[in-house]
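Tertiary structure, described
Each chain, written out:
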Amino acid sequence: MRSKAAIWFEIWWVATKLGLTSFGGPTAHLAYFHEDYVKRRKWLDERRYADLMALCQFLPGPASSQTGIGIGLMRGGLLGGMLAFLGFTWPSAVALGVFAWLMEGIDVSQAGWLHGLKLVAVAIVAHAIWGMGQKLTPDRGRMSIAIAAAAISLLWESVYSQIVVIVAAGLLGLWIYRKHEKTTDPALLQSGEADGTISRKTGIACLAIFAALLILLPLLRESHALLAMADSFYRTGSLVFGGGHVVLPLLEQEVVGAGWVSEEQFLAGYGAAQAVPGPLFTFASFLGAAAYGPLGFFIATAAIFLPAYLLVAGALPFWHRLRNVPRMQNALAAINAAVVGILLAAFYDPIWTSAVAAPLDFSIALFLFVLLAFWKLPPWIIVLIGAAAGTIAGL
């Protein structure tokens, strides 16, 4: 039997490799996770992965980072979740911190290799949606739910649209499958403890810490500038739904409005954040470093991601028990279909619309998809080929 230390190291190492290669934003990150954690390493099955994604869509914060944290929690407990977070986050956080200190003002948004990475995201997300759709939308009812979820997500542009879609899908699943009550799948009869030693008491403690910090930090922010920064980033990580680009206007209001960075610094950091792998929330690392150097870097990074960790750790023990109720399984069947639709909507906008603008773009994306889906090349090779193709196409 493998030691806990070996399991924890593997969690960190796999997450680090993903953090170094996961370009393309939250939807692409979920596709990378699916390819590595589900299909390759089989740390969890399709249903558990879809259930975890559904939970993370409910919670505020960076959904892709929360999904990675959840996988770490399920495999290695609280430390496993922390190591999964650190591994996935540190490459982009360090890169943006270095950029803040040494490369301020450089614009990389028009680089050819960056466009190639956007095409990589097109191929990887398309491959993930194809595989998940086959397993999670096998009948007319769930396929219809997925298509409706995609349409609503595209036509109703709101940070709350995903939550409304998921809740509506769950209620619809209860009604559609009300005559098809089924016994609990034995594969799901594992408690939260079996999924990573996260007990109910631990979950309640994490939720209590989350709420306490949300209340106390605003009361303490006037006492020190660094506490004010911690409060601003913690509240942003706690209250933003949709993650990714949605966090940007909130961060601009907090950091530019407070005078911590200039508008020019903010835009330069945003351009750099588009060029690195990993979660876009590490933009906070750049802002903290630009405002207060190394100490600001660590405070901003920790503060914006801490709510995600506490919420996932707090919710997982109850989520695993709740999902084993037969009626909840019916709701989850529909929710999982809705998640496929939400991913499909995100695939179109912004991934497709921002990457595919010409026949050459489509050709490169299609070529990368074939290499991934049929030649079975690993994602990191696809990333290198896509970056090279984008560079050549930009010359």
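Structural notes, computed from the coordinates.

Reading guide: rules and limits
- Residues numbered from 1 in each chain as written.
- Predicted model: local features only at pLDDT ≥ 70, side-chain atom pairs only at ≥ 80, totals over all residues.
- Heavy atoms only, no water.
- Helix = DSSP H or I, 4+ residues; strand = E, 2+ residues; numbered from the N terminus.
- Buried < 20%, exposed > 50% of the residue type's maximum accessible area, 1.4 Å probe, protein only.
- Contact = heavy atoms within 4.5 Å.
- Areas by Shrake-Rupley, 256 points an atom, 1.4 Å probe, with all protein chains shown as cover.
- Salt bridge = Lys/Arg side-chain N within 4 Å of Asp/Glu carboxyl O.
- Core = buried A, V, L, I, M, F, W, Y, C linked by side-chain atoms within 4.5 Å.
- Axes fitted to C-alpha atoms, helices over the stretch in contact; angles between N-to-C directions.
- Parallel < 35°, antiparallel > 145°, perpendicular 65-115°, else oblique.
- Left-handed = near helix turned anticlockwise from the far one by under 90°.
- Nonpolar A, V, L, I, M, F, W, Y, C, P; charged D, E, K, R; others polar.
- Phe/Tyr/Trp six-rings, centres within 6.5 Å; stacked < 30°, edge-to-face > 60°.
- Patch = residues over 30% accessible without salt bridge, like charges linked within 9 Å, V, L, I, M, F, W, Y side chains within 5 Å.

Helices and strands together make up the secondary structure of the protein, namely 15 helices and zero strands. Across the 395 residues that make up the protein, the buried fraction comes to 54%. Nonlocal contacts in the protein, meaning residues at least 24 apart in sequence, comprise 76% of its contacts between residues at least 6 apart. If you sum the accessible surface of the protein, you get close to 17,200 Å²; carbon and sulfur atoms cover 70% of it.

At Lys-42, a position not held by glycine, the phi torsion is positive, near 55°. Here Lys-42 lies in the loop between helix H2 (26-40) and helix H3 (46-58). The backbone of Lys-376 shows a phi angle near 60°, a positive value even though the residue is not glycine. Mapped onto the elements of the fold, Lys-376 is located in the loop between helix H14 (359-373) and helix H15 (379-394).

A few words now on the pattern of salt bridges. If you walk through the whole model with that rule in mind, you get seven salt bridges. The residue Glu-10 makes a salt bridge to Arg-75 at a minimum N-O spacing of 3.7 Å. Of this pair, Glu-10 sits in helix H1 (residues 4-21) while Arg-75 sits in helix H4 (residues 63-102), and the two are 65 residues apart along the sequence. Its salt-bridge partner being Arg-221, residue Asp-231 comes within 2.6 Å of it at the nearest N-O pair.

Nonpolar side chains in soluble globular proteins tend to be buried together. By size, the foremost hydrophobic cluster in this structure holds 112 residues, and its most contacted members are Tyr-37, Phe-233 and Leu-287. Ranked by residues supplied to this core, first place goes to helix H12 (residues 283-322) with 19 residues. Not counting residues within four places of it along the chain, the set of residues in contact with Leu-287 comprises Phe-233, Leu-251, Val-255, Val-261 and Phe-266.

With that settled, the discussion passes to the packing of helix H5 (residues 112-136) against helix H13 (residues 326-355). Contact geometry of H5 with H13 gives a least axis separation of 10 Å together with a crossing angle of 160°. In terms of their interaxial angle, H5 and H13 are classed as roughly antiparallel. Crossing of H5 over H13 shows left-handed handedness. Where H5 abuts H13, its residues His-115, Lys-118, Leu-119, Ala-121, Val-122, Val-125, Ala-126, Ile-129, Met-132, Gly-133 and Leu-136 lie against Asn-336, Ala-337, Val-340, Leu-343, Leu-344, Phe-347, Ile-351, Trp-352, Ser-354 and Ala-355. Across the contact of H5 with H13, the residue classes tally to 16 nonpolar, four polar and one charged.

Bringing the environment of Ala-373 into the picture now. Here Ala-373 is to be found in helix H14. Each C-alpha atom of the pair Ala-373 and Ala-126 lies 9.6 Å from the other, and the pair is 247 residues apart in sequence.

As a further point, take the packing of aromatic side chains. Summed over all chains, the structure comprises 16 aromatic pairs. Seen in terms of ring centroids, Phe-85 and Phe-305 are 5.2 Å apart; in terms of plane orientation they differ by 50°. Their pairing is tilted. Within this pair, whereas Phe-85 is found in helix H4, its partner Phe-305 is found in helix H12, the two being separated by 220 residues in sequence. Looking at Phe-85, the relative accessible area reads 13%, which means it is buried. Residue classification places Phe-305 among the buried residues on the basis of a relative accessible area of 1%. With 5.8 Å between their ring centres and 55° between their planes, Trp-101 and Phe-297 make a pair best called tilted. You can see Trp-101 sitting in helix H4 and its partner Phe-297 sitting in helix H12, a full 196 residues away along the chain. Taking the relative accessible area as the measure of exposure, Phe-297 reaches 7% and is therefore buried.

The next thing to look at is the side chain of Ser-92. By the element assignment, Ser-92 lies in helix H4. Owing to a relative accessible area of 0%, Ser-92 belongs among the buried residues under this scheme. Residues in contact with Ser-92, not counting those within four places in the same chain, are Val-276, Pro-277, Gly-278, Pro-279 and Thr-282.

Glancing now at a nonpolar patch on the surface. A cluster of nonpolar side chains, Leu-20, Trp-90, Val-94, Val-98, Trp-101 and Leu-102, forms an exposed patch at the surface whose accessible area comes to about 580 Å². Per-element tally for the nonpolar patch: the top contributor is H4, with five residues. Residue placement: Trp-90 occurs in helix H4. On the basis of relative accessible area, Trp-90 is assigned to the partly exposed category, the value being 37%.

As a further point, take the environment of Ala-208. Relative to the elements of secondary structure, Ala-208 occurs in helix H8 (residues 200-220). With a relative accessible area of 46%, Ala-208 lands in the partly exposed category. With 102 residues separating them along the chain, Ala-208 and Leu-310 place their C-alpha atoms 9.0 Å apart.

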